[in-house]
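Each chain, letter by letter, is given below.
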Amino acid sequence: MKTLSPAVYLRLALRQVRRHRRKSIATGGFILAGTAVLVVLVGITAGINDAMVTNSVRLHSGEIFIEAAAGDEAAANALAAVRTESPVETRLARRRFSVLLKGSKGAAPATAYAVDPQPEAATTAIARRIDRGRYPNKGAAELLLGADLADALDAGPGSGLDLWDAAGRHLGRLTVSGRFTTGIAHFDRGVVYLPLGALAPEPSDAVTEIALFFEPGTALANESARLAPLLPQGARMETWQDLMPDLVQLIEMNAVSMGIVLILVYGLVGFGISNTFVLTIVERYREFGILKAMGLRPGELEALVFLESFLICLAATLLGLTTGWLLTEALGMTGIDLTRWTSHNRYFLVTGVVHPRTTLPGLLWPAGVALAVSLLAAYLPTRICRRRSTADLLRTE
């Protein structure tokens, strides 16, 4: 018998898939379901990571944080150029300094941020975490402070607090406009916000801060490299990854956990696939014996059976990727509300709604694992079929 051409192999394999339609659908169903589930799980993990990053950077720091000496004209000019040089969505300018707050019931140190109230309240999460009162008005002699700090000073909306700098100068008396609760001790116990210009003169230790919020999908490493030459000597620039290494590690841990889940899910699916392949091939031993008796070599028979398995795996994997992608996109549009389980989580201060999304690695990894496990599950019964003699195959009932 002549060596079969690739086209003949393909025709024979397709014919066998059609002839054993039920078994092919059952086998493909395992692969399709496993692949779709993995794509959705990877998409949900990506959405959770996105939500944690967004919630964290929207609290205060932004995606890129810049610090420079206050009153530095070069810094002011450079920072003004940031908006035109990069795809910045929002730029928040602040003054930071240390103060001592004194009220009727005691005193407490705090870090004060002089801000432009309107864009600050619209962009960051602090305004959404106010439990009493409101955000300070622009130009008003008001301040917003953390709940624990307010409790320590026995201060609430309408209370007056005196501010003193590190040198012992009295900076002024401001009225409490509200208080916020973030669940983060640093903010709740030691941070106050007040409008730019509410204090004159500014404390001597004041520094300029710029929080940059970029358009979704912006490559922050590229933007950091582009902004670095614009900054004056002595200025400090950090991305959110530099400021929050704990969040970076948490995202990496999520990736490792997802990899373990991916392997376990397809390990279980692989048992079902292997069992189906074994039953299908054992039932067709007599058919394979006839092919061998007609002159089909063992290697050619193995290639034919393996190609048939590959076609089922490939078609099921592609359908599984499509199904998983559609499900992930649907979940991404509606969102998954996890507020009930994240209300006390520092990484979900802005919102507990997660929007799953598909990524290229999120499609390639499930596809690769699906094909690898499925073909591995098909390999053993295929080898058994090759090694059995023609007589043994023909004697099979």
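Each remark here, short or long, concerns the structure printed above.
Since the structure is predicted, the reported quantities are computational estimates derived from the model, not experimental observations.

## A few points about helix H10 (residues 285–293)
Then, number 1: Every buried residue of H10 is accounted for by Tyr 285, Glu 287, Phe 288, Gly 289 and Lys 292.
Then, number 2: Among the residues trailing H10, Gly 295 stands out with phi positive, at a value near 115°.

## A short note on the packing of aromatic side chains
Then, number 1: Scanning all chains against the criterion turns up two aromatic pairs.
Then, number 2: Here the aromatic rings of Tyr 113 and Tyr 193 are separated by 5.6 Å at their centres, their planes lie at 25°, and the arrangement is stacked. Taken together, the positions of Tyr 113 in strand E3 (residues 106–115) and Tyr 193 in strand E8 (residues 191–195) put the pair 80 residues apart, joining distant regions of the chain. No difference in accessibility class separates Tyr 113 from Tyr 193, as the two residues are buried.
Then, number 3: Members of the aromatic cluster, each reached through a chain of ring pairs, are Tyr 113, Phe 180 and Tyr 193.
Then, number 4: Over the ring of Trp 164 we find Lys 102; its NZ or CZ atom is 4.7 Å from the centre of that ring.

## Some remarks on the packing of H10 against helix H11 (residues 298–334)
Packed helices, taken two at a time, are described by the angle between their axes plus the distance between the axes.
Then, number 1: Their axes nearest at 10 Å, the elements H10 and H11 cross at an angle of 140°. Judged on the interaxial angle alone, H11 and H10 are oblique. For the pair H10 and H11, the crossing hand works out as right-handed. Counting all contacts with H10, which are made through Phe 288, Leu 291 and Lys 292, the residues of H11 involved are Pro 298, Leu 301, Leu 304 and Val 305.
Then, number 2: The class makeup of the residues in the contact of H10 with H11 is six nonpolar, no polar and one charged.

## Some details on the nonpolar core
Then, number 1: With 22 residues, the main nonpolar core has Leu 145, Leu 163 and Leu 194 as its most contacted residues.
Then, number 2: Of all the secondary structure elements, the ones that give two or more residues to this core are strand E2 (88–103), E3, strand E5 (142–146), helix H5 (147–153), strand E6 (160–164), strand E7 (170–180) and E8.
Then, number 3: Non-local contacts of Leu 163, meaning those with residues more than four positions away in its chain, are made with Val 99, Leu 100, Leu 101, Leu 143, Arg 169, His 170, Leu 171, Gly 172, Leu 174, Leu 194 and Leu 199.

## A short note on the packing of helix H9 (residues 245–283) against helix H13 (residues 360–387)
Then, number 1: Where H9 meets H13, the closest approach of the two axes is 9 Å, and the angle between their N-to-C directions is 30°. Between H9 and H13 lies a crossing of right-handed hand. When H9 is examined against H13, the residues Leu 262, Tyr 266, Gly 270, Ile 273, Ser 274, Phe 277, Val 278 and Ile 281 are found in contact with a partner set consisting of Trp 365, Pro 366, Val 369, Ala 370, Val 373, Ser 374, Ala 377, Ala 378, Pro 381, Thr 382 and Cys 385.
Then, number 2: A class-by-class count of the residues in the contact of H9 with H13 yields 15 nonpolar, four polar and no charged.

## Considerations on unusual backbone geometry
Then, number 1: The backbone of Asp 154 sits at a positive phi, close to 55°, despite the residue not being glycine.
Then, number 2: Considering the arrangement of structural elements, one finds Asp 154 in the loop between H5 and E6.
Then, number 3: Exposure remark for Asp 154: the relative accessible area of 47% places this residue in the partly exposed category.

## Considerations on the pattern of salt bridges
Then, number 1: Counted according to the given criterion, the structure contains 17 salt bridges.
Then, number 2: Notably, a salt bridge pairs Arg 94 with Glu 120, separated by 2.8 Å at the nearest N-O pair. With a gap of 26 residues between them, Arg 94 in strand E2 and Glu 120 in helix H4 (residues 117–123) connect regions that are remote in the sequence. Neither Arg 94 nor Glu 120 differs from the other in exposure class; each is buried.
Then, number 3: One connected set of salt bridges, linked through shared partners, spans Glu 67, Arg 94, Arg 96, Glu 120, Glu 209, Arg 236 and Glu 238.

## Examining the pairing of E2
Then, number 1: Of the pairings in the sheet, the one linking E2 to strand E9 (residues 207–214) comprises eight bridges and is antiparallel in character. In the strand pairing of E9, Arg 94 is matched with Glu 209.
Then, number 2: Here E2 folds back onto E3, and the loop between the two strands holds two residues.
Then, number 3: The sheet contact formed by E2 and E6 spans three bridges and is antiparallel.

Cut-off values and rules
- Residues numbered from 1 in each chain as written.
- Predicted model: local features only at pLDDT ≥ 70, side-chain atom pairs only at ≥ 80, totals over all residues.
- Heavy atoms only, no water.
- Buried < 20%, exposed > 50% of the residue type's maximum accessible area, 1.4 Å probe, protein only.
- Helix = DSSP H or I, 4+ residues; strand = E, 2+ residues; numbered from the N terminus.
- Phe/Tyr/Trp six-rings, centres within 6.5 Å; stacked < 30°, edge-to-face > 60°.
- Lys NZ or Arg CZ within 6 Å of the ring centre and 35° of its normal.
- Axes fitted to C-alpha atoms, helices over the stretch in contact; angles between N-to-C directions.
- Parallel < 35°, antiparallel > 145°, perpendicular 65-115°, else oblique.
- Left-handed = near helix turned anticlockwise from the far one by under 90°.
- Contact = heavy atoms within 4.5 Å.
- Nonpolar A, V, L, I, M, F, W, Y, C, P; charged D, E, K, R; others polar.
- Core = buried A, V, L, I, M, F, W, Y, C linked by side-chain atoms within 4.5 Å.
- Salt bridge = Lys/Arg side-chain N within 4 Å of Asp/Glu carboxyl O.
- Pairing = 2+ DSSP bridges.

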